[in-house]
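# Secondary and tertiary structure notes
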Amino acid sequence: MSIHEECGVFGVIAPERQDVAGIVYYGLYALQHRGQESCGIVVNDEGLFYAHKDLGLVGDVFKSDTMAAFPRGDIAMGHVRYGTTGASSRSNCQPILVNHQKGRMALAHNGNLVNAAELRSALELSGAIFHTTSDTETIAYIVTRERLSSASIEEALCRAMDTLEGAYSLVLMSPRKLLCARDPHGFRPLCYGRREDGAYVVASESQALSAVGARFVRDVEPGEILVFTGGEPRSIRTHCSRAPRRLCAFEYIYFARPDAVLDGFSVHAARKRAGEILAERHGVDADVVIGVPDSGLDAALGYSLRSGIPYGIGLIKNKYIGRTFIQPGQSERMDQVRIKLNAVADCVAGKRVVLIDDSIVRGTTSARIVKLLREAGATEVHMRVSSPKFLHPCYYGTDIDSPEHLIACHHSTEEIARIIGADSLGYLPVEALRDMIGCGEYCSACFDGDYPTRVPTDTRKDRFEQKIGAFAGE
């Protein structure tokens, strides 16, 4: 697996001053799988913002002395990042902090704007000076601009949403309020819950609520803004029902943790169902079914249950190695694969193996895993993939920016099987996504090219770095 993903956002507002930084810390830990490039926490203590952010994992960036330096407060927010726009650098760490004429603001964003380049260009022509190369700063600028002529931060955010196009689930903090918002399509997940002490918590995935002792209340609706000021949240639904609901199908296949429930549908159940569908559509005589940890395990279980082939633990994952998609270069990805997975010879030696993984992008990782199994003594390896073929770029937060990197764009299924060294290969049919997820309200553009929004003209992840470099040479 060599896909890059976007980010995770988290926020909390408490009825009294307490260790809100600690709450965010544990919430980010529960969202670490969504981004391992960088992370950050901002604490609001009676209108004063205290922030720390850096490159690295949550446990590395926030040591005990760093956490102890945060004051107690009543509002805090955090972010884990893998960037789909902008380089991996400390300047692009989130949340982004802004000091403007009417006060302070902090903002964290999950997703990707399709009109980021146009918005940024217009802002620069009006005199804006950008300090990062991520589209999150563009969102912050637009909200700030609207705030200068608005009566409240929520009015400013509502007006900003008239301008933003694409995927965004975001958390925003002002001196007295915590806000969250989800784009009208609802590409990326967002939910909120409540703790017994009265604190409200906002998170990208439901299990992050449980991690901090909060009870899930509901998902944020596509297009909805929620305003938290200490009591019951206030809902602004101006942008609701403006567009068809299109939660990313790949959230269920790979991105989200299996214990998450997104828009009312269980991730574990969806992956298990994907395995059942693969067994129905791509059955094969075999001795054992194994999954690639972690997101292939639920699908492997489903395949085993439907096919009657025993389920086995054929691959062991080094839990201290990050997800392979996080690494930006191919050589780094290969190094990660070599030390991340190891085959269990006792499970696969002398056996015909059904190998379940969540996707094939370039094919490099899949070839390495098949080779591991053959070296461990597998006599046959039949690969089954719990997603359809990647055939199109994603513009909504999944870092698939060019068909030239997608093996399925250049080779047939049979050719891919030969390239990765598998005896046979089968993908989840794209029309089976509805059955897998449990509804038809999802985005599958990376599989079928049916984009819910217009397609941006410039899709390079480093487009803003390229621009900076061009001017620097003049």
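Residues numbered from 1 in each chain as written. Predicted model: local features only at pLDDT ≥ 70, side-chain atom pairs only at ≥ 80, totals over all residues. Heavy atoms only, no water.

Let's shift gears to the overall build of the chain. When helices and strands are counted, the chain shows 17 helices and 23 strands. Taken across its 474 residues, the chain has 62% of its residues classed as buried. For the chain, the proportion of contacts with a sequence separation of at least 24, taken over those separated by at least 6, is 70%. (Helix = DSSP H or I, 4+ residues; strand = E, 2+ residues; numbered from the N terminus. Buried < 20%, exposed > 50% of the residue type's maximum accessible area, 1.4 Å probe, protein only. Contact = heavy atoms within 4.5 Å.)

All right, on to the sheet that holds strand 12 (residues 225–228) then. Read across the sheet, six strands follow the order 5-6-7-8-12-13 without closing on themselves; strand pairing throughout is antiparallel. Strands with a single pairing partner mark the edges of an open sheet, and in this sheet they are strand 5 (96–100) and strand 13 (234–236). Taking each pair of neighbouring strands and ignoring which way they run, the sheet shows an average axis angle of 20 degrees. Seen against the sheet, helix 5 (residues 135–147) touches strand 5, strand 6 (103–113) and strand 7 (166–173) and runs at an angle of roughly 135 degrees to strand 6. (Pairing = 2+ DSSP bridges. Axes fitted to C-alpha atoms, helices over the stretch in contact; angles between N-to-C directions.)

One open sheet holds the four strands; their spatial order is 17-20-21-22, and the pairing between them is parallel. The open sheet terminates on both sides in strands that have one partner only, identified here as strand 17 (288–291) and strand 22 (424–427). This sheet shows a mean twist of 20 degrees between the axes of neighbouring strands, independent of strand direction.

What follows deals with the pattern of salt bridges. Where charged atoms from two side chains of opposite charge approach closely, those side chains can pair. The full count for this structure, using the stated rule, is 31 salt bridges. With a closest N to O distance of 3.5 Å, Glu124 and Arg120 form a salt bridge. Highlighted residues: Glu124 and Arg120, both in helix 4 (residues 116–125), separated by four residues, approximately one helical turn. By sharing partners, the salt bridges in this structure join Arg182, Glu221, Arg245, Asp263 and Glu441 into a single network. (Salt bridge = Lys/Arg side-chain N within 4 Å of Asp/Glu carboxyl O.)

All right, on to the packing of helix 5 against helix 6 (residues 153–160) then. The geometry of helix 5 relative to helix 6 is characterised by a closest axis approach of 8 Å and an angle of 125 degrees between their N-to-C directions. Relative to helix 6, helix 5 is oriented oblique. With respect to the hand of their crossing, helix 5 and helix 6 are arranged in right-handed fashion. Residue-level inspection shows Ile142, Val143, Glu146 and Arg147 of helix 5 in contact with helix 6, the latter providing Ile153, Ala156, Leu157, Arg159 and Ala160. For the contact of helix 5 with helix 6, the class distribution of residues is six nonpolar, no polar and three charged. (Parallel < 35°, antiparallel > 145°, perpendicular 65-115°, else oblique. Left-handed = near helix turned anticlockwise from the far one by under 90°. Nonpolar A, V, L, I, M, F, W, Y, C, P; charged D, E, K, R; others polar.)

Moving on: unusual backbone geometry. In this structure, the amide linkage connecting Gln94 to the following residue, Pro95, adopts the cis form with an omega of 5 degrees. Examined against the element boundaries, Pro95 turns out to sit in the loop between strand 4 (73–81) and strand 5. Cis rather than trans, the peptide bond between Pro293 and Asp294 has omega equal to 0 degrees. With respect to the element layout, Asp294 can be found in the loop between strand 17 and helix 10 (297–307). Of note, Asp263 is a non-glycine position whose phi angle comes to about 50 degrees, a positive value. Residue placement: Asp263 occurs in the loop between strand 15 (261–262) and strand 16 (265–266).

Attention now moves to the nonpolar core. Counting residues in each nonpolar core, the largest one holds 47 residues, and the members touching the most others are Tyr396 and Met436. Elements with a minimum of two residues in this core: strand 14 (247–248), helix 8 (249–255), helix 9 (267–281), helix 10, strand 20 (352–357), helix 15 (433–437), strand 23 (442–443) and helix 16 (445–448). Sequence-distant contacts of Met436, defined by excluding residues within four places in its chain, comprise Tyr252, Ile253, Ala270, Arg273, Ala274, Ile277, Ser386 and Leu428. (Core = buried A, V, L, I, M, F, W, Y, C linked by side-chain atoms within 4.5 Å.)

For the rest of this paragraph, the subject is the pairing of strand 2 (residues 38–45). Among the eight residues that make up strand 2, eight are buried, leaving the element largely enclosed by the rest of the structure. Neither face of strand 2 is exposed, since Ser38, Gly40, Val42 and Asn44 on one face and Cys39, Ile41, Val43 and Asp45 on the opposite face are all buried. Where strand 2 lies against strand 3 (residues 48–55), eight bridges are found, and the strand directions are antiparallel. Looking across to strand 3, one finds that Gly40 is bridged to Lys53. Between the antiparallel neighbours strand 2 and strand 3 lie two residues, among them Glu46 with a positive phi of about 55 degrees. The pairing of strand 2 with strand 4 spans seven bridges and is classified as antiparallel. Residue pairing in the sheet places Asn44 in a bridge with Ile75 of strand 4.

This next bit is on the packing of aromatic side chains. Counting across every chain of the model gives 15 aromatic pairs. Seen in terms of ring centroids, Phe62 and Phe70 are 6.4 Å apart; in terms of plane orientation they differ by 35 degrees. Their pairing is tilted. Per residue, the accessibility class of Phe62 equals that of Phe70, and both read buried. Their ring planes at 75 degrees and their centres at 5.1 Å tell us that Phe250 and Phe390 sit as a pair that is edge-to-face. Remark: Phe390 occurs in the loop between strand 21 (380–385) and helix 14 (413–420) and Phe250 occurs in helix 8; sequence separation between them is 140 residues. A relative accessible area of 1% places Phe250 in the buried class. Looking at Phe390, the relative accessible area reads 1%, which means it is buried. Three or more aromatic residues joined by ring pairs make a cluster, and in this case those are Phe250, Tyr254, Phe255, Phe390 and Phe447. For the cation-ring pair, Arg120 lies above Phe130, with the distance from its terminal atom to the ring centre recorded as 4.1 Å. (Phe/Tyr/Trp six-rings, centres within 6.5 Å; stacked < 30°, edge-to-face > 60°. Lys NZ or Arg CZ within 6 Å of the ring centre and 35° of its normal.)

Between helix 9 and helix 10, the least distance of the axes is 6 Å, while the angle of their chain directions is 45 degrees. In terms of axis orientation, helix 9 runs oblique to helix 10. In the crossing of helix 9 with helix 10, the sense of the turn from one axis to the other is right-handed. Along its contact with helix 9, which presents His268, Arg271, Lys272, Arg273, Gly275, Glu276, Leu278, Ala279 and Glu280, the element helix 10 presents Asp298, Ala299, Leu301, Gly302, Tyr303, Leu305, Arg306 and Ser307.

Our next topic: helix 9. For helix 9, which comprises 15 residues, the first-to-last C-alpha distance of 21 Å matches the rise-based estimate of 21 Å (1.5 Å per residue) to within 8%. Buried within helix 9 we find Val267, Ala270, Arg271, Arg273, Ala274, Gly275, Glu276, Ile277, Leu278 and Ala279. Taking the backbone nitrogen of His268 as reference, a side-chain oxygen 3.3 Å away marks Ser266 as the first, capping residue of helix 9. (Expected span 1.5 Å × (residues − 1). Polar contact = N/O pair within 3.5 Å; in protein donor to acceptor, adjacent residues only side chain to side chain.)

What follows covers the confidence of the model for the chain. For the chain, mean pLDDT is 90; residues scoring 70 or higher make up 90% of the total. Between residues 323–328, whose pLDDT stays under 50, and residues either more than four places distant or in other chains, the model counts 28 contacts. With pLDDT under 50 throughout, residues 464–474 is counted as low confidence; its partners more than four residues away or in other chains account for twelve contacts. (pLDDT = per-residue confidence, 0-100.)

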